[in-house]
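Remarks on the overall topology
So you can see what is in the structure, the chains are spelled out below.
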Amino acid sequence: MRFGLRELLFFVVLLTVPVASYFYLFKPRNESIKQAREEIAVKQANLEKLAEVSASIDDIGLAIEEGREKVELIEAKLPSEQDVEGILEQVWQLAKRNNLNVQSVKSDKPVPAALYMEQPLKMSMNGFFDGFYQFMLELENLPRITRIHQLKLERTDARASVDKDLPPGWMKAEFVLSIYFEQRQKAKL
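Below: a short report on this structure.

Here is what the cut-offs are and how they apply
Residue positions within a chain follow its written sequence, with the count starting from 1. Only residues with pLDDT of at least 70 get local features here, since the model is predicted, and only at 80 or more are side-chain atom pairs given and counted; chain-wide, interface and lining totals rely on the full set of residues. To get the side-chain values, all heavy atoms of the structure are used, and hydrogens and water are removed first. The term salt bridge refers to a side-chain nitrogen of Lys or Arg lying within 4 Å of a carboxyl oxygen of Asp or Glu. Remark: exposure states derive from per-residue accessible area (1.4 Å probe, protein chains only) relative to the maximum for the residue type, with buried under 20%, exposed over 50%, and partly exposed in between. Only DSSP runs of H or I reaching four residues or more are called helices, and only runs of E reaching two or more are called strands; each is numbered from the N terminus. Working rule for contacts: check all heavy atoms of both residues, and any pair within 4.5 Å makes them a contact. Like-charged residues within 9 Å of one another, or nonpolar side chains (Val, Leu, Ile, Met, Phe, Trp, Tyr) within 5 Å, are grouped into patches, provided each residue has over 30% relative accessible area and no salt bridge. Method for areas: the Shrake-Rupley scheme with a 1.4 Å probe, in which residue coverage is limited to the protein chains shown. For the purpose of counting charges, residues Lys and Arg are taken to be positive, whereas Asp and Glu are taken to be negative. His and the chain ends are not included. A charge is said to be at NZ when it belongs to Lys, at CZ for Arg, at CG for Asp and at CD for Glu.

1. Examining the pattern of salt bridges
- Summed over the entire model, instances satisfying the criterion amount to 3 salt bridges.
- The shortest N-O distance in the salt bridge between Glu 154 and Lys 152 comes to 3.2 Å.
- Since its relative accessible area comes to 37%, Glu 154 is described here as partly exposed.
- Between Lys 172 and Glu 174 there is a salt bridge, and its shortest N-O distance comes to 3.4 Å.
- On the basis of relative accessible area, Lys 172 is assigned to the partly exposed category, the value being 30%.

2. Here we look at the side chain of Ser 124
- Looking at where Ser 124 falls in the secondary structure, it is placed in strand E3 (residues 116–128).
- A residue is classified by how much of its surface remains accessible, and Ser 124, at 8% relative accessible area, is buried.
- Once residues lying within four places of it in the same chain are set aside, the contact partners of Ser 124 are Asn 101, Val 102, Gln 103, Ser 104, Lys 172, Ala 173 and Glu 174.

3. Some points on a negative patch on the surface
- Judged by side-chain charge, Glu 65, Glu 66, Glu 69 and Glu 72 come together as a negatively charged surface patch.
- On the secondary structure map, Glu 72 appears in helix H2 (residues 60–76).

Written out as C-alpha cells, the structure reads:
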C-alpha cells in the first residue's frame with residue numbers, strides 16, 4: 001500500500017474533524033453544562049433554606065396574629081395624654097401609702113419616643129428605705145408603662161441633718177419617672 005499526497009491529506013482532514021469539533025462544539029457545550037449544574041446547585045441550596053424557614057414558621061398568619069395581640073396589649077398599657085395626670089395621682093397615692101414624703105415633682109416637656117410620647121417627671125421624696133422599696137415594687141406593678149432612670153438614693157445622716165431626730169433607715173430619693181402615653185393625632189386641615 002502506498003501513501004500518496006491524497007491519502008495523507010485525507011488522513012489529516014480525518015484527524016482535524018474530531019479535534020475541531022472538540023474545541024468548537026464539545027468544549028463550549030461542556031462548559032455551559034457545568035455552569036448550569038452550578039446554578040442548579042445554588043438554587044437547590046436556596047430552596048432547602050426556604051423549606052427550612054417555612055418549616056420553622058408553621059403558620060405565618062398565626063404568628064402575625066400573635067404579634068398584633070402583643071401590640072394591642074402594650075397599647076392598652078399606654079394612657080392617653082389626658083390620663084397622665086391620673087397616673088401621677090396613682091404615684092402620689094403609692095408614695096403616701098408607703099409613708100413617703102413627696103418633696104417635689106417637676107414636669108419636663110414631653111419627648112417623642114418611637115410612635116409614642118414620654119413624659120419625664122423629676123421627683124424628689126424622702127422616708128424609710130423599706131417604704132421606698134415597697135413603693136418601687138408597687139410602681140412596677142401598675143398597669144401602665146413607666147420607667148425610672150437617673151435614680152439617686154442618699155442615706156440621711158442625723159448628725160449632718162438640721163433635724164437631729166431622724167431615725168435610722170431614713171433616706172432621700174431623687175429620680176426621673178417617665179410615663180409613656182399616646183399622643184392624640186392632630187386633625188389635618
